[in-house]
Structure formats: C-alpha cells, structure tokens
Amino acid sequence: MKKLFVILGFIGLGLFFVPETSAQNFFEEEATVKDGLYDENETGVKTPMPLPFVREADVMWKKTIWREIDYRQKMNQGFYFPTTPHRNLKNLYTVLKEALEDPTSGVVAYKDETVTGELINPTTWSEIKTQITSVQQIERTDDYGNVIEVQSVESEMNSAEVKRCQIKEEWYFDKQSSELLVRIIAICPIRVVEKDGVLVPQRLFWVPYDENLRKVLINAPFFNRSNSAARLSYDDIFLRRVFDSYIIREDNVFDRSINEYAKGVDALYESERIKQEIIDFEQSLWEY
C-alpha cells in the first residue's frame with residue numbers, strides 16, 4: 001500500500017510540473033518567431049557582379065549624359081519609399097547617408113560642380129550635414145506668457161524632402177565587343193525646397209558609382225511591387241536600368257544644361273532629340 005501511495009505521489013508531482021514546462025517551452029518558441037516565412041539574405045553579405053574592364057583603345061565613341069529620376073513617377077517610387085526604414089527597406093537617400101556616415105564603407109562624396117559637372121572636390125559628411133541642418137529658436141514661457149528661456153534646437157533634413165536624383169553616365173561604343181554600352185559614373189540626390197511658394201531643387205552631393213558604393217547598394221533591398229520573393233537591390237535596379245528618367249544635359253562646348261537654352265515643351269523635345277541621336281548612332285553603324 002505504501003508503494004502505491006509513493007507511486008501516486010510521483011505521478012501527481014509530474015502532472016504538477018508539466019504545465020509549467022509546457023508554458024516555458026511555448027514562450028521560448030514565441031520569442032523566436034520569425035516575422036515572415038524566412039530570414040532574408042540569411043546566407044550573408046552579397047558581393048556585386050564585377051563590371052567588364054574597358055580599355056581606352058577599344059572605345060571609338062563616347063558621350064556623357066546627365067539624367068534626372070523623378071520619384072513621383074510610379075516606376076521610381078521605390079527610390080522614395082519608405083521614408084521611415086522598416087524590415088530592412090530604406091529609400092535611396094537613407095542608404096547613401098548611412099554609407100557616408102560609416103568610415104569603413106569607403107564611400108566618398110563630392111561637391112556639386114554646377115558648370116563642369118566634374119567630380120573634383122571631395123567633401124565630408126560633416127560638411128554636408130551643415131547644409132541640411134536647420135536651427136530653430138524655441139521660446140519657453142511661464143504661466144503669465146513671459147519668455148524665460150530661448151533654446152536652439154537643431155533639426156536634420158528629413159529623407160522625405162529628397163524627391164529626385166540625378167545620375168551621370170557615359171554611353172560608349174566598344175569596338176572589341178561591337179556593342180553600344182552605358183556605364184553610370186555617379187549619383188546625386190536632390191532636395192526640393194519651397195522658397196516664396198516656388199519649389200527649388202538643390203543638389204546635395206555626388207557619390208561615385210564605384211565598387212565601394214556598389215557593395216553598399218547590392219545589400220540594400222529595393223521593393224519589388226510584382227514579387228516580394230524576388231527581391232532586387234539598388235545595384236540591380238541601376239544595372240538593369242529599371243527606372244524612368246529624362247535627359248537634362250549632354251557634354252557640350254558651352255558646359256550648359258538643357259534648361260539654360262530651352263524651356264517647357266522645348267526642353268522635352270531637346271531631351272528626346274539627344275536620346276534619339278544615341279539610338280541613331282548605333283543604328284548607322286550597321287548600315288550596308
């Protein structure tokens with residue numbers, strides 16, 4: 001009989017501890033729940049695909065083009081959204097900003113040269129930050145409305161203010177491969193500021209589209225509206241040219257942009273003329 005009571009006692013203790021153990025395992029599993037089907041890019045850091053080497057002797061024709069990408073276009077909205085980063089998604093300006101803030105990235109910014117458009121004067125993020133930071137004076141008052149203290153509060157530009165970007169690219173004909181190719185040289189985010197009721201674009205800085213920047217862009221996902229499982233990167237978008245843009249300048253003897261000698265519809269016609277000129281050049285090479 002004593003053995004029976006001992007056995008029943010052990011069974012009771014076992015039943016008493018089972019709910020606590022089950023609850024503990026439940027909360028442990030709940031703490032490791034993934035926010036999705038799987039962890040994206042679980043294999044590690046991606047590396048960009050190497051670009052083909054270009055010899056100067058193989059380039060028989062070349063033209064430098066500046067394009068503008070307007071984020072209001074539906075095709076370009078992935079460059080603008082999300083304005084608040086989430087789930088590893090960031091807009092283009094945030095990606096460039098974080099790369100410049102990180103000294104180990106090797107990404108270097110250059111000042112905007114309005115006349116020549118060359119990348120000759122490097123700048124630091126500290127210098128850029130002074131241009132995009134505003135200081136506001138906030139007054140503290142007492143219960144009677146008297147000002148007792150004035151505080152200076154600095155506020156940095158929000159990424160939502162960057163609504164465009166420009167790219168500098170070179171079109172060239174490689175006689176070794178008998179192809180008309182294009183290579184992006186640099187990227188420039190553009191801040192749109194309202195002054196006296198007029199929207200004024202402000203070029204912030206130029207970032208060379210080199211291997212250092214490509215290592216950053218290849219690991220920055222770009223939202224794919226068609227298939228979230230086939231996630232693209234910013235590097236994929238630029239290489240595959242999955243964006244809508246228009247030409248704003250070509251290299252010319254006057255060092256001027258299209259809007260300096262054409263306005264409105266005439267500027268659009270001039271942009272299309274330059275685009276068609278490049279196409280016609282390629283077509284004329286294969287005439288017999």
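Preceding block: the structure.
It should be emphasised that the depicted structure is a prediction, and the values quoted were computed from it without experimental measurement.

Chemist: Explain the overall build of the protein to me, and be specific about the residues and the numbers.
Modeler: From N to C terminus, the protein includes 7 helices and 12 strands. Buried positions account for 32% of the 288 residues belonging to the protein. If you take every contact in the protein between residues at least 6 apart in sequence, the share linking residues at least 24 apart comes to 60%. With an accessible surface of roughly 19,000 Å², the protein has 54% of that area assigned to carbon and sulfur atoms.

Chemist: Describe the packing of aromatic side chains, with residues and values.
Modeler: Counted by the stated rule, this structure contains 10 aromatic pairs. With a centroid separation of 4.1 Å and 20° between ring planes, the pair formed by Trp 61 and Phe 281 is classed as stacked. With Trp 61 in strand β1 (residues 59-70) and Phe 281 in helix α7 (residues 265-284), this pair connects stretches of sequence that are 220 residues apart. The interplanar angle of 90° and the centroid separation of 5.3 Å between the aromatic rings of Phe 222 and Tyr 234 together place this pair among those described as edge-to-face. Separated by 12 residues along the polypeptide, Phe 222 in strand β10 (residues 221-222) and Tyr 234 in helix α6 (residues 234-240) bring together distant segments of the chain. Like Tyr 234, Phe 222 is buried. In textbook terms, an aromatic cluster arises when at least three aromatic residues are bridged by ring pairs, as seen for Tyr 71, Phe 79, Tyr 80, Phe 81, Tyr 209, Phe 222, Tyr 234, Phe 238 and Phe 243. Between the NZ or CZ atom of Arg 249 and the centre of the ring of Trp 66, over which it lies, the distance is 4.5 Å.

Chemist: Got a sec to walk through the nonpolar core? Specific residues and values, please.
Modeler: Nonpolar side chains tend to gather and get buried jointly when the protein is soluble and globular. Ranked by internal contacts, the top residues of the largest apolar core, which has 34 residues, are Phe 79, Leu 92, Ile 187, Phe 205, Leu 217 and Phe 238. Take this core: its biggest share by element is 6 residues, from helix α3 (residues 92-101). Setting aside chain neighbours within four positions, we find Leu 217 in contact with Leu 92, Val 95, Ile 187, Tyr 209, Ser 233, Tyr 234, Asp 235 and Phe 238. Core analysis: the second largest hydrophobic core is formed by 11 residues, Phe 173, Leu 180, Ile 247 and Ala 267 among them.

Chemist: Which residues make up the side chain of Ser 257, and what values go with them?
Modeler: Here Ser 257 shows up in the loop between β12 (246-250) and α7. In this structure Ser 257 comes out as buried when scored by relative accessible area, which is 18%. Among residues more than four places away in sequence, those in contact with Ser 257 are Ile 248 and Arg 249.

Chemist: Provide a residue-level description of the pattern of salt bridges, including the pertinent values.
Modeler: Counted according to the given criterion, the structure contains 18 salt bridges. Across the salt bridge formed by Asp 58 and Arg 55, the nearest N and O atoms sit 3.0 Å from each other. When its relative accessible area of 6% is taken as the criterion, Asp 58 is described as buried. Taking relative accessible area as the criterion, Arg 55 reaches 42% and is therefore assigned partly exposed. Across the salt bridge formed by Lys 62 and Glu 170, the nearest N and O atoms sit 4.0 Å from each other. Pair noted here: Lys 62 is in strand β1 and Glu 170 is in strand β6 (residues 162-174), with a separation of 108 residues, a long-range link. On the basis of relative accessible area, Glu 170 is assigned to the partly exposed category, the value being 22%. Bridged by salt links that share partners, the residues Lys 63, Glu 250, Glu 270, Arg 273 and Glu 277 form one connected network.

Chemist: For α7, give the residues involved together with the corresponding values.
Modeler: Over its 20 residues, α7 extends 28 Å from the first C-alpha to the last, a length consistent with the 28 Å expected when each residue adds 1.5 Å. Within α7 the residues assigned to the buried category are Ala 267, Glu 270, Ser 271, Ile 274, Ile 278 and Phe 281. Looking straight down α7, one finds its buried side chains confined to an arc of 105°; they lie on one side. Away from its buried face, by an angle of more than 90 degrees, α7 presents the exposed residues Asp 266, Leu 268 and Tyr 269.

Chemist: Now, about α3: what can you tell me, with residues and values included?
Modeler: For α3, the tally of buried residues reaches 7 of 10 residues, placing the bulk of the element in the interior. By the burial criterion, the buried members of α3 are Leu 92, Tyr 93, Thr 94, Val 95, Leu 96, Ala 99 and Leu 100.

Chemist: Can you explain unusual backbone geometry? Please cite residues and give values.
Modeler: For the bond from Phe 81 to Pro 82, the omega torsion is -5°, close enough to zero to count as cis. For Pro 82, the position within the fold is in the loop between α2 (77-80) and α3. Notably, Asp 196 is not glycine yet its phi reads approximately 55°, a positive angle. Along the polypeptide, Asp 196 turns up in the loop between β7 (179-195) and β8 (198-203). Take Asp 196: its relative accessible area is 81%, and that puts it in the exposed class. Although it is not a glycine, Asp 255 adopts a positive phi angle of roughly 55°.

Each value, and the rule that gives it
Residues numbered from 1 in each chain as written. Predicted model: local features only at pLDDT ≥ 70, side-chain atom pairs only at ≥ 80, totals over all residues. Heavy atoms only, no water. Helix = DSSP H or I, 4+ residues; strand = E, 2+ residues; numbered from the N terminus. Buried < 20%, exposed > 50% of the residue type's maximum accessible area, 1.4 Å probe, protein only. Contact = heavy atoms within 4.5 Å. Areas by Shrake-Rupley, 256 points an atom, 1.4 Å probe, with all protein chains shown as cover. Phe/Tyr/Trp six-rings, centres within 6.5 Å; stacked < 30°, edge-to-face > 60°. Lys NZ or Arg CZ within 6 Å of the ring centre and 35° of its normal. Core = buried A, V, L, I, M, F, W, Y, C linked by side-chain atoms within 4.5 Å. Salt bridge = Lys/Arg side-chain N within 4 Å of Asp/Glu carboxyl O. Expected span 1.5 Å × (residues − 1). Arc of directions from axis to C-beta.

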